[in-house]
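Okay, here's what each chain looks like letter by letter:
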Amino acid sequence: MRFVTLVATTTLASLLLSGTPLSGTAHATSAFPIRDRVLTANKLYRTGELQAGQCPEREVGPKTVASAKRYLTAVLNCLNRSWGTHFKRAGLPFAKAKIGFITKPRKYCGESWGSAAATYCKAERRFVVLLDDDMLDDSTDLFLFQTAAHEYGHHVQNLTGISRSYYRYPYRNKSELNEQIRRKELQAECLGGVFTGSVWDSLTERSEEDWKILLQITRDSGDEQYKNRDHGKGRNIAIWLDKGFRARSPQACNTWTVSSSKVS
């Protein structure tokens, strides 16, 4: 079973070690409610459902990096096509995301790698996936697919100004910072679910059982990583993932207006 984290830089550690004070700025009063309308009332939430799309999966050989690269590159092409069409319909500016691969952890986007399975760099509009033995342990489940969809969720946040507002939003202490990180990460997970739901009918080899297995992997992985306090409990990660999958609309992914308990 994989116990890995999907992240977007900057990390909690880098925020705490940066020049950003834990006390935040003058208008900070609490972690909830969030008051920035770019986060809470973004136009993204009013763009409707993603159109049903096609994204047939390529075969991934066991422990085979080359086939995993081809698989994920094909998924990225689907993501760029689907979200690009969605943004154009909504009148939102769009730019494609890029993808990269490593087989051993290394510094990326100015940050140490940590325990991430993949990480998105907003400056490069690119996410990098760690294709190590753990990541390729079981090529039959949907984890690789959802990894790409989650990281693309961070790209959507970047394109819509959500990332910029998140990085600038004040916090008074580590607890508030952790909650804001969880809101960002859970939103990316939900947006990943939105895409997967929109192309589900084209995944002809998949069944409802495959989705249930992914949700269980998500719960288990989240619980293992919960000690970090910056991604949410496994139960909540799975809830947001499934919420996006069922709704197929970014409207379901507004994590910035819900109570703290729903992003714990």
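The structure this text deals with has already been given above.
Residues numbered from 1 in each chain as written. Predicted model: local features only at pLDDT ≥ 70, side-chain atom pairs only at ≥ 80, totals over all residues. Heavy atoms only, no water.

Student: Would you mind going over the pattern of salt bridges in detail, with residue names and values included?
Tutor: Scanning the model with the defined rule gives nine salt bridges in all. Close ionic contact of Glu 179 with Arg 183 constitutes a salt bridge, the shortest N to O distance being 2.7 Å. Placement of the pair is Glu 179 and Arg 183 together in helix 6 (residues 174–199), with a separation of four residues, close to one helical turn. Exposure remark for Glu 179: the relative accessible area of 8% places this residue in the buried category. Owing to a relative accessible area of 0%, Arg 183 belongs among the buried residues under this scheme. In this structure, Arg 206 and Asp 210 form a salt bridge, with 3.3 Å as the shortest nitrogen-oxygen distance. Comparing Arg 206 with Asp 210, the two get one shared label, buried. Each of the salt bridges in this network shares a partner with another, and the network as a whole consists of Glu 57, Arg 206 and Asp 210. (Salt bridge = Lys/Arg side-chain N within 4 Å of Asp/Glu carboxyl O. Helix = DSSP H or I, 4+ residues; strand = E, 2+ residues; numbered from the N terminus. Buried < 20%, exposed > 50% of the residue type's maximum accessible area, 1.4 Å probe, protein only.)

Student: Talk me through the packing of aromatic side chains; I want residue IDs and the actual numbers.
Tutor: Aromatic rings considered in pairs are described by the distance between their centres and by the relative angle of their planes. Within this structure, the stated rule accounts for eight aromatic pairs. Arranged with centres 5.7 Å apart and planes meeting at 65°, the rings of Phe 87 and Phe 94 form a pair that is edge-to-face. Residue Phe 87 is classed as buried on the basis of its relative accessible area of 0%. Centroid distance Phe 145 to Phe 195: 5.9 Å. Interplanar angle 15°. Geometry classified as stacked. Taken together, the positions of Phe 145 in helix 4 (residues 143–159) and Phe 195 in helix 6 put the pair 50 residues apart, joining distant regions of the chain. Here the two residues Phe 145 and Phe 195 agree in accessibility, since each one is buried. Among the aromatic residues, ring-to-ring pairing joins Trp 83, Phe 87 and Phe 94 into one connected group. (Phe/Tyr/Trp six-rings, centres within 6.5 Å; stacked < 30°, edge-to-face > 60°.)

Student: Tell me about the layout of surface pockets, and please be specific about residues and values.
Tutor: One simple way to see leftover space: roll a probe sized like a water molecule over the atoms. As a volume, the second largest pocket reaches approximately 220 Å³. In this structure, the second largest pocket is lined by 14 residues; those nearest its centre are Glu 57, Arg 58, Tyr 71, Glu 205 and Arg 206. A class-by-class count of the residues in the lining of the second largest pocket yields five nonpolar, four polar and five charged. (1 Å grid on protein atoms, 1.4 Å probe; cavity = no way out; pocket = protein on both sides within 12 Å on 5 of 7 lines; lining within 4 Å. Points joined across faces, edges and corners; volume = space filled by probe spheres on them. Nonpolar A, V, L, I, M, F, W, Y, C, P; charged D, E, K, R; others polar.)

Student: So what's going on with the nonpolar core? Which residues, and what values?
Tutor: Formed by 66 residues in total, the largest nonpolar core has its most connected members in Trp 83, Leu 144, Phe 145 and Phe 195. Mapped by element, the contributors of at least two residues to this core are helix 3 (65–90), strand 3 (116–121), strand 4 (126–130), helix 4, helix 5 (162–168), helix 6, helix 7 (208–225) and helix 8 (234–247). Those residues in contact with Leu 144 that lie beyond four places of it in its chain are Val 60, Ala 68, Tyr 71, Leu 72, Leu 131, Met 135 and Leu 136. Tyr 108, Trp 113, Cys 121 and Leu 130 belong to the second-largest nonpolar core, a separate cluster that totals seven residues. (Core = buried A, V, L, I, M, F, W, Y, C linked by side-chain atoms within 4.5 Å. Contact = heavy atoms within 4.5 Å.)

Student: Which residues make up unusual backbone geometry, and what are the values?
Tutor: Of note in this structure, Arg 125 is not a glycine but carries a positive phi near 50°. With respect to the helices and strands, Arg 125 occurs in the loop between strand 3 and strand 4. You can call Arg 125 partly exposed: its relative accessible area is 39%. Non-glycine residue Arg 248 carries a positive phi angle of around 60°. Take Arg 248: it is sitting in the segment after helix 8.

Student: An account of helix 8 is requested, with residue identities and associated values reported.
Tutor: Here helix 8 spans 20 Å end to end across 14 residues, near enough to the 20 Å set by a 1.5 Å rise per residue. The set of residues buried in helix 8 consists of Gly 234, Asn 236, Ile 237, Ala 238, Trp 240, Leu 241, Gly 244 and Phe 245. Phi turns positive, to about 60°, at Arg 248, one or two residues after helix 8. (Expected span 1.5 Å × (residues − 1).)

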